[in-house]
There are 2 protein chains.
Amino acid sequence: MNVNAPAAAKPGETKTVRPELATGIWPPAATPFRADLTIDFDRYFTHCKKLLAEGAHGLAVLGTTSEALSLDLGERELVLERLIKAGVPASQLLPGTGAASIGDAVRLTRHAVSQGVRGVLLLPPFYYKGVSDAGLYAFVAEVIRRVNDKRLALYLYNFPQMTAIQWSPDLVGLLMQDFPGTVVGLKDSSGDVDYMNTLLDSYPGFAVFPSSESLLLDAMRRGAAGCISATANTHVGNIRNLYDNWEDSVNAENMHHACSAVRAAVAPFGWIPAVKAILAAREGTPDWSRTRPPLEALDTTRKAQLLSAVAAAGG
Amino acid sequence: MNVNAPAAAKPGETKTVRPELATGIWPPAATPFRADLTIDFDRYFTHCKKLLAEGAHGLAVLGTTSEALSLDLGERELVLERLIKAGVPASQLLPGTGAASIGDAVRLTRHAVSQGVRGVLLLPPFYYKGVSDAGLYAFVAEVIRRVNDKRLALYLYNFPQMTAIQWSPDLVGLLMQDFPGTVVGLKDSSGDVDYMNTLLDSYPGFAVFPSSESLLLDAMRRGAAGCISATANTHVGNIRNLYDNWEDSVNAENMHHACSAVRAAVAPFGWIPAVKAILAAREGTPDWSRTRPPLEALDTTRKAQLLSAVAAAGG
């Protein structure tokens, strides 16, 4: 591989002060907006604390489900600062810090690390397409080099449906090897079970999170770290139960089917508007339904269909 | 169409102080980088001025070819400011100001307009996929509403190969209708001639720019505004000649074939690394070849192949 990248950190230099590996259920908390499209921070803090109270090990804030890519850079920093100030421990936060440019990704990553977060989820640079593994390697290496902080724990964020780019298993292995203790995991939103299993089988100890509770049981049996699922916004307790009991030969399958039924009920409606519609119904406020453009809230008919499908699934 | 968007500007309110419509050849100037990946401003200014001296009507700076999406937000503002300070008239600049979020797009657009640019090229929000026309409409409407400046001349930037999103002809028509004098044109990098012709035939007076000099002659005959082509970085004089003489029944076809031959020679090599490799050879410095990750420079073999193909094409 032809890699025009700066050298990795020197051996020994990166072995200390790293946060413990994240494991368990880390919902990608949805972000509520007011009528003027500003962030409704109070509603957001309440939601985040509720998720933790209901069993989340931590929160994968500022990812796709959070509409973080529809927030401006300053807002992405502000959300993190204010959430910590509101009482959510930084050690329970895995914010998304991806950006199309190295400079913006470094800014967000450095800021998150300085806040003491457990780790960051890094998208590949998502504007240019048809890029090579060597180009992606150089991007990640440069972000790590510039952030230059031993506390950085980096989880690759794989979501080819949005980015048209996949972190190939070979590239993942190379990054783990060259940045040990820094490149420590991956969230896989591809839904491609073969891809996920390849990572789980090839890299024991690497923290792989499927993005669906439907995949959690099989993934745990194969050594996954946990789950980061959009629908954890709406039934985190069920998913936590499954996570805690995946080795229970009597009950795990039933818990799996219960989780999967809810997930399947939501699937046809588009994750982000659907999750927000469920929260709106549950909290008794239409405000939760609001999305930022280019995303759209579900219309009344779809919302009613969603809610009855979820109810039928016991969610 | 269900459009949750703010109302358009009031009739009459937006009719004045608008910059004249951009027409002609507007190369998307490539951005040179130093070994540490910072922008080589001096080399950049020289290149921009040379393009203008060789016949460009203006410069579509900070677009895809410029690797603008690999610059951070602050750099995108700085490039524009410094270029104007270096003596390139703002009226000859059409910068790209697109971003995934409304907030960042507003920041860049407001800044560009405040600098007095001729107009801006706006990408659709390019992270979320599968978004509707109504969602895209709401995005553009909100950007226009927040920028709130009568000088704003907005050219939609269509590049589905990078964004997986297309400005549909219906949406283009609706935006023109609701924001007259503000949504004034479109750069089409899709290479989809049917799409481009639909816009040209449906919306006379709307400034459509194909992204290839190979399409320029046919497009001019159909009412195009000009051309914004990556390869204009390397042979803008030829393209300007074709533009000036497209109605010349004796010579236009030959000029078209000369332009198309160069374009075809470069095509297999990837536009951005190829354009930079040609500039590197011509200026006698390997520095021009450098790209920012995730893009990669051509290797020596490919570079030699490119240069001989371009020479054979007379470019």
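Predicted model only: the values in this text are computed from it and were never measured. (Residues numbered from 1 in each chain as written. Chains lettered and ligands numbered in written order. Predicted model: local features only at pLDDT ≥ 70, side-chain atom pairs only at ≥ 80, totals over all residues.)

Honestly, the overall build of chain A in this entry has me stumped. Any pointers?
Within chain A, the regular secondary structure consists of 12 helices and 6 strands. Against the globule reference of 20 Å for 315 residues, chain A gives a C-alpha radius of gyration of 19 Å, in line with a compact fold. Taking the principal axes of the C-alpha coordinates as reference, chain A spans close to 55 × 50 × 40 Å. Sequence separation of 24 or more characterises 70% of the internal contacts of chain A that already satisfy a separation of 6 or more. (Helix = DSSP H or I, 4+ residues; strand = E, 2+ residues; numbered from the N terminus. Rg over C-alpha atoms; globule rule 2.2 N^0.38 Å. Contact = placed C-beta atoms within 7 Å.)

Help me understand the interface of chain B and chain A in this model?
Much of the literature gives interface size as the accessible area that the parts lose upon coming together. Taken together, the 34 residues of chain B in the interface contact 35 residues of chain A. Of all the secondary structure elements, the ones that give two or more residues to the side of chain B that touches chain A are α2 (73-85), α3 (102-114), α4 (133-147) and α5 (160-163) of chain B. Among the elements that line the side of chain B that touches chain A, the one with the most residues is α4(B), at 6 residues. Of the residues that constitute the side of chain B that touches chain A, the class distribution is 19 nonpolar, 6 polar and 9 charged. (Nonpolar A, V, L, I, M, F, W, Y, C, P; charged D, E, K, R; others polar.)

Sorry, what's going on with the nonpolar core here?
Soluble globular proteins tend to bury their nonpolar side chains together. Of all hydrophobic cores here, the largest spans 211 residues; its most connected members are A:L59, A:L216 and B:L59. Once you skip the residues sitting within four places of it in the chain, A:L59 turns out to touch A:W26, A:P27, A:A29, A:C48, A:L51, A:V88, A:Q92 and A:L93. (Core = buried A, V, L, I, M, F, W, Y, C linked by C-beta atoms within 7 Å. Buried ≥ 20, exposed ≤ 12 C-beta atoms within 10 Å, placed from the backbone.)

Help me out: how do you make sense of the sheet that holds strand β4 (residues 183-188) of chain A in this one?
Neighbouring strands of a sheet are bound in pairs by backbone hydrogen bonds; such pairs are parallel or else antiparallel. Residue and element names in this part refer to chain A. Here 4 strands make up an open sheet; going across it, the order is β2-β3-β4-β5 and the pairing parallel. Edge positions in the open sheet fall to β2 (120-122) and β5 (207-210), since each of these has one partner strand only. In this sheet, adjacent strand axes meet at a mean angle of 25° when their direction is disregarded. As judged from the 3 bridges shared by β2 and strand β3 (residues 154-158), these two strands associate in the parallel manner. (Pairing = 2+ DSSP bridges. Axes fitted to C-alpha atoms, helices over the stretch in contact; angles between N-to-C directions.)

Would you take a moment to explain the environment of B:G185 for this structure?
All names here are of chain B. Position of G185 relative to the elements: it lies in strand β4 (residues 183-188). Judged by the 27 C-beta atoms lying within 10 Å of it, G185 is buried. Residues within four places of G185 in sequence aside, it is in contact with L21, A22, Y155, F206, A207, V208, F209 and A225.

Where do I start with unusual backbone geometry in this structure?
Note on backbone geometry: most residues besides glycine have negative phi, and most peptide bonds are trans. Between A:P293 and the following residue, A:P294, the backbone shows a cis peptide bond with an omega angle of 15°. Turning to its location among the elements, A:P294 is positioned in the loop between α11 (271-283) and α12 (300-312). One non-glycine residue, B:L62, adopts positive backbone phi at about 60°. Position of B:L62 relative to the elements: it lies in the loop between α1 (41-53) and α2. Among the residues examined, B:L62 registers 30 C-beta atoms within 10 Å and is labelled buried. Of note in this structure, B:N148 is not a glycine but carries a positive phi near 50°. Relative to the helices and strands, B:N148 resides in the loop between α4 and β3 (154-158).

When you look at the relation of the copies chain B and chain A in this model, what are you seeing that I'm missing?
Copy one and copy two of the chain differ by a rotation about an axis and a translation along that axis. Turning chain B through 180° and shifting it by 0.0 Å along the axis lays it on chain A, with an RMSD of 0.0 Å. Within this description, the copies of the chain are treated as partners about a two-fold rotation axis. Interface residue correspondence from chain B to chain A reaches 97%, placing this contact among same-surface, isologous pairings. (Least-squares fit on C-alpha atoms with pLDDT ≥ 70 in both.)

Help me out: how do you make sense of the packing of helix α4 (residues 133-147) of chain A against helix α6 (residues 169-178) of chain A in this one?
Geometry of a packed helix pair, given as the angle between the helix axes and the separation of the axes. Residue and element names in this part refer to chain A. Remark: α4 packs on α6, axes separated minimally by 10 Å, with the N-to-C direction vectors making an angle of 35°. The hand of the α4/α6 crossing is right-handed. Two secondary-structure elements touch here, α4 through D133, L136, Y137 and V140 and α6 through D170, L171, L174 and L175. (Left-handed = near helix turned anticlockwise from the far one by under 90°.)

I'm lost on the pairing of strand β5 (residues 207-210) of chain B in this one. Help?
Regular strands have side chains that alternate between both faces of the sheet. Residue and element names in this part refer to chain B. Note: β4 against β5, 4 bridges, orientation parallel. For G185, the partnering residue across the bridge sits in β5 and is A207. Handedness of the β-α-β unit built from β4, helix α7 (residues 193-202) and β5 comes out right-handed. (Right-handed = clockwise from strand over helix to strand, strands pointing away.)

What am I meant to see in the confidence of the model for chain A here?
Low pLDDT means the predicted coordinates in that region are not meant to be read closely. Residue and element names in this part refer to chain A. Averaged over all residues, the pLDDT of chain A equals 95, while 95% of them reach at least 70. Predicted confidence is poor over residues 1-9, with pLDDT under 50, and the contacts of this stretch with residues over four places away or in other chains come to 20 contacts. Between residues 11-15, whose pLDDT stays under 50, and residues either more than four places distant or in other chains, the model counts 6 contacts. Here the predicted complex carries an ipTM of 0.93, next to a pTM of 0.94. (pLDDT = per-residue confidence, 0-100.)

So what exactly am I meant to see when it comes to the sheet that holds strand β2 (residues 120-122) of chain B here?
All names here are of chain B. Overall, parallel pairing links the 4 strands, which are arranged β2-β3-β4-β5 in an open sheet. In the strand order of this sheet, the two ends are held by β2 and β5, each with one partner. Averaged over all pairs of adjacent strands, the angle between strand axes in this sheet comes to 25°, irrespective of strand direction.

What exactly am I supposed to notice about α2(B) here?
An α-helical turn contains 3.6 residues, so any two residues separated by three or four positions project in the same direction. End to end, α2(B) covers 19 Å across 13 residues, agreeing with the expected 18 Å (1.5 Å per residue, within 8%). Burial in α2(B) covers these residues: B:L73, B:R76, B:E77, B:V79, B:L80 and B:L83. Angularly, the buried residues of α2(B) cover 155° about the axis, an arc narrow enough to put them on a single face. Residues of α2(B) that are exposed and point more than 90 degrees away from the buried face comprise B:G74 and B:K85. Buried residues along α2(B) sit against α2 (73-85) and α3 (102-114) of chain A together with α1 and α3 of chain B. Looking one or two places after α2(B), you find B:G87, whose phi comes out positive at around 115°. (Expected span 1.5 Å × (residues − 1). Arc of directions from axis to C-beta.)

It is not clear to me how the packing of helix α10 (residues 252-266) of chain B against helix α12 (residues 300-312) of chain B should be interpreted in this structure. Could you clarify?
Residue and element names in this part refer to chain B. Remark: α10 packs on α12, axes separated minimally by 8 Å, with the N-to-C direction vectors making an angle of 165°. In terms of their interaxial angle, α10 and α12 are classed as roughly antiparallel. Handedness of the crossing formed by α10 with α12: right-handed. Contact residues: α10 offers V262, A265 and V266, while α12 offers L306, A309, V310 and A312. Each residue belonging to the contact of α10 with α12 can be placed in one class, and the counts come to 7 nonpolar, no polar and no charged. (Parallel < 35°, antiparallel > 145°, perpendicular 65-115°, else oblique.)

Would you mind showing me how to read helix α11 (residues 271-283) of chain B here?
Residue and element names in this part refer to chain B. For α11, with 13 residues, the first-to-last C-alpha span of 18 Å sits near the 18 Å given by 1.5 Å per residue. Counting buried positions along α11 gives 10 out of 13 residues, so the element sits mostly inside the fold. Taken together, the buried positions of α11 are occupied by W271, I272, P273, A274, V275, K276, A277, I278, L279 and A280. In the core, the buried residues of α11 are packed alongside α9 (232-244), α10 and α12. Backbone geometry just downstream of α11 places G284 in the positive-phi region, at approximately 70°.

Is there a simple way to explain the environment of A:W246 in this structure?
All names here are of chain A. Within the secondary structure, W246 is located in the loop between α9 (232-244) and α10 (252-266). With 10 residues separating them in the primary sequence, W246 and H256 have C-alpha atoms 8.6 Å apart. Those residues within four positions of W246 in sequence are excluded, and the remaining contacts are L217, M220 and A252.

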